[in-house]
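Survey of secondary and tertiary structure
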Amino acid sequence: MCNERGKTIQIHHIDDNPSNNREENLAVLCLECHNDTQMKGGFGRKLNSELVIKYRNEWLLRVKNRRNNADSIAVSKMSRPDAGKLKAITIPYSKEGSDAILDYVNSLPALRKELRKKAQLEWDSGVTLRMVDASYEYVDALQGILVTLASFYPPGTFGGEDPHKFFSEQISSRFAWHRTHVDTGGTIANVIISGHVVSDVERMVEDMAHSLVGFDDRFNWRAWPTWWREDAV
């Protein structure tokens, strides 16, 4: 409902029947929003079942579209015609794999610069909601990059999990961590929290890129971090 990441959540039963665990009867709510569904009658209850269903369905569609968009952006800089199908290359032992990995890693600083330039327009607006949404969109794009980098690893590398799920959980934990120690109150907290997570996920991409190509003598490991961290404007 509130779209604030990193908050403690509960599973809400839309029909108020805790034994009805059908998927269509469930919604993910933070504690505050869940409390707004519990008041009965009068003017106190802010979220009835119709609103919960509406927001839940919109959220599911938004997540799906956001993930698809992030995945599309992440592979946009891959020069190979079969880039989107390149999966599970055993890193050190395939020349084709090594070339593809190096090409992709070398394309990432330019992609980051492009993504940050777009986000910077919203960050500079001074409007809290726009600033936070821009950070969320940027983090999602970085997650798409992480998922694409994960495609170069052998199956099972990430505990056998789908990389989308693995990185979603990792990034969610960063939102939860920063929400725990940032205690400013008000909407500015979301700006600060999302800014911290942006830095964390950028570092995750940097670490993963180094892990993938660190063995390759063609990789300019001294200059690449500078290119990657270079400000967009």
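Since the model is a prediction, treat every value here as computed from it, not as a measurement.

**Quick look at the overall build of the chain**
Tallying secondary structure elements over the chain gives 7 helices and 2 strands in all. Going from N to C terminus, the chain has its helices and strands arranged as β-β-α-α-α-α-α-α-α. By residue count, 40% of the 233 residues in the chain fall in the buried class. At a minimum sequence separation of 6, the contacts of the chain that also span at least 24 residues come to 63%. For the chain, the accessible surface area stands at approximately 13200 Å², while carbon and sulfur atoms represent 54% of it.

**Re the packing of helix H5 (residues 163–181) against helix H6 (residues 188–213)**
Angle between the axes and distance between the axes: these two values describe a pair of packed helices. With their axes 9 Å apart at the nearest point, H5 and H6 run at an angle of 140 degrees to one another. Put simply, H5 runs oblique to H6. Crossing hand, H5 versus H6: right-handed. Residue-level inspection shows Phe167, Gln170, Ile171, Arg174, Phe175, His178, Arg179 and His181 of H5 in contact with H6, the latter providing Asn190, Ile193, Ser194, His196, Val197, Asp200, Val201, Met204 and Met208.

**A word on the packing of aromatic side chains**
Within a pair of aromatic rings, the relevant descriptors are the distance that separates the centres and the angle that separates the planes. Applying the stated criterion across every chain, the model contains 9 aromatic pairs. Ring geometry for Trp123 against Tyr138: centres 6.0 Å apart, planes inclined by 85 degrees, an arrangement best described as edge-to-face. You can see Trp123 sitting in helix H3 (residues 95–123) and its partner Tyr138 sitting in helix H4 (residues 128–150), a full 15 residues away along the chain. Tyr138 carries the same exposure label as Trp123, and that label is buried. Their ring planes at 85 degrees and their centres at 5.2 Å tell us that Phe166 and Phe167 sit as a pair that is edge-to-face. Taken together, the ring pairs in this structure connect Tyr153, Phe158, Phe166 and Phe167 into an aromatic cluster.

**Structural notes on a nonpolar patch on the surface**
Among the surface-exposed residues, Ile9, Ile11, Val28, Trp59 and Leu60 lie close enough to one another that they form a single nonpolar patch of about 450 Å² accessible area. In this fold, Trp59 is placed in helix H2 (residues 49–75). Trp59 sits in the partly exposed class, given a relative accessible area of 35%.

**Regarding the nonpolar core**
Grouped together as the largest cluster of nonpolar side chains are 45 residues, with contacts concentrated most on Val105, Leu108, Ile145, Leu149, Val205 and Met208. Secondary structure elements with two or more residues in this core: H3, H4, H5, H6 and helix H7 (224–229). Broken down by element, the residue count for this core peaks at 13 residues, all from H4. When near neighbours in sequence (up to four residues on either side) are disregarded, Leu108 contacts Ile145, Leu149, Val205, Trp224 and Trp228. Ranked by size, the runner-up nonpolar core spans 7 residues in total, among them Ile14, Leu29, Cys30 and Leu47.

**Examining the side chain of Arg5**
With respect to the secondary-structure elements, Arg5 resides in the segment before strand S1 (9–13). Looking at Arg5, its side chain comes within polar contact range of the side chain of Asp140, at 3.2 Å. Excluding residues that lie within four positions of it along the chain, Arg5 makes contacts with Arg66, Tyr136, Val139, Asp140, Phe175 and Arg179.

**Examining the packing of H4 against H5**
For the pair H4 and H5, the least separation of the axes is 9 Å and the interaxial angle reads 140 degrees. If you check the angle between H4 and H5, you find them oblique. At the point where H4 passes H5, the crossing takes the right-handed sense. Listed contacts from H5 to Tyr136, Val139, Gln143, Leu146, Val147 and Ala150 of H4 are Pro163, His164, Phe167, Ser168, Ile171 and Phe175. Here the residues of the contact of H4 with H5 are counted per class, giving 9 nonpolar, 3 polar and no charged.

About the thresholds
- The numbers attached to residues start from 1 for each chain and follow its sequence in the written order.
- Reporting of local features is limited, given that this is a predicted model, to residues whose pLDDT is at least 70; pairs of side-chain atoms are given and counted only at 80 or more, and all residues count toward the totals for whole chains, interfaces and linings.
- With hydrogens and water stripped out, all remaining heavy atoms of the structure feed into the side-chain values.
- Put simply, DSSP marks the helices as runs of H or I at least four residues long and the strands as runs of E at least two long, and each gets a number from the N terminus on.
- Partly exposed describes any residue whose relative accessible area lies between the buried limit of under 20% and the exposed limit of over 50%, with all areas from a 1.4 Å probe on protein chains only and scaled to the type maximum.
- Contact criterion: two residues are considered in contact whenever any of their non-hydrogen atoms come within 4.5 Å of each other.
- With residues, only the protein chains shown are counted as cover, and all accessible areas are computed by Shrake-Rupley using a 1.4 Å probe.
- For helices, the fitted line uses only the C-alpha atoms of the stretch in contact; every axis is such a line through C-alpha atoms, and the angle between N-to-C directions lies from 0 to 180 degrees.
- Note on angle classes: values under 35 degrees are labelled roughly parallel, values over 145 roughly antiparallel, values of 65 to 115 roughly perpendicular, and the remainder oblique.
- Two helices crossing with the near one rotated counterclockwise from the far one by less than a right angle form a left-handed crossing, whereas a clockwise rotation gives a right-handed crossing.
- Paired rings are identified among Phe, Tyr and Trp, the last through its six-membered ring, by centres lying within 6.5 Å, and are further divided according to the angle between planes into stacked (under 30 degrees), edge-to-face (over 60) and tilted (the rest).
- Candidate patch residues must exceed 30% relative accessible area and have no salt bridge, after which like charges are joined if within 9 Å and Val, Leu, Ile, Met, Phe, Trp or Tyr side chains if within 5 Å.
- Definition used for salt bridges: Asp or Glu carboxyl oxygen within 4 Å of a side-chain nitrogen of Lys or Arg.
- We call a set of buried Ala, Val, Leu, Ile, Met, Phe, Trp, Tyr and Cys residues a nonpolar core when their side-chain atoms join them within 4.5 Å.
- Think of a polar contact as two N or O atoms within 3.5 Å of one another; within protein, one of them needs to be a possible hydrogen donor and the other a possible acceptor, and neighboring residues in sequence only count if both atoms come from side chains.
- When residues are grouped by polarity, Ala, Val, Leu, Ile, Met, Phe, Trp, Tyr, Cys and Pro land in nonpolar, Asp, Glu, Lys and Arg in charged, and all others, Gly among them, in polar.

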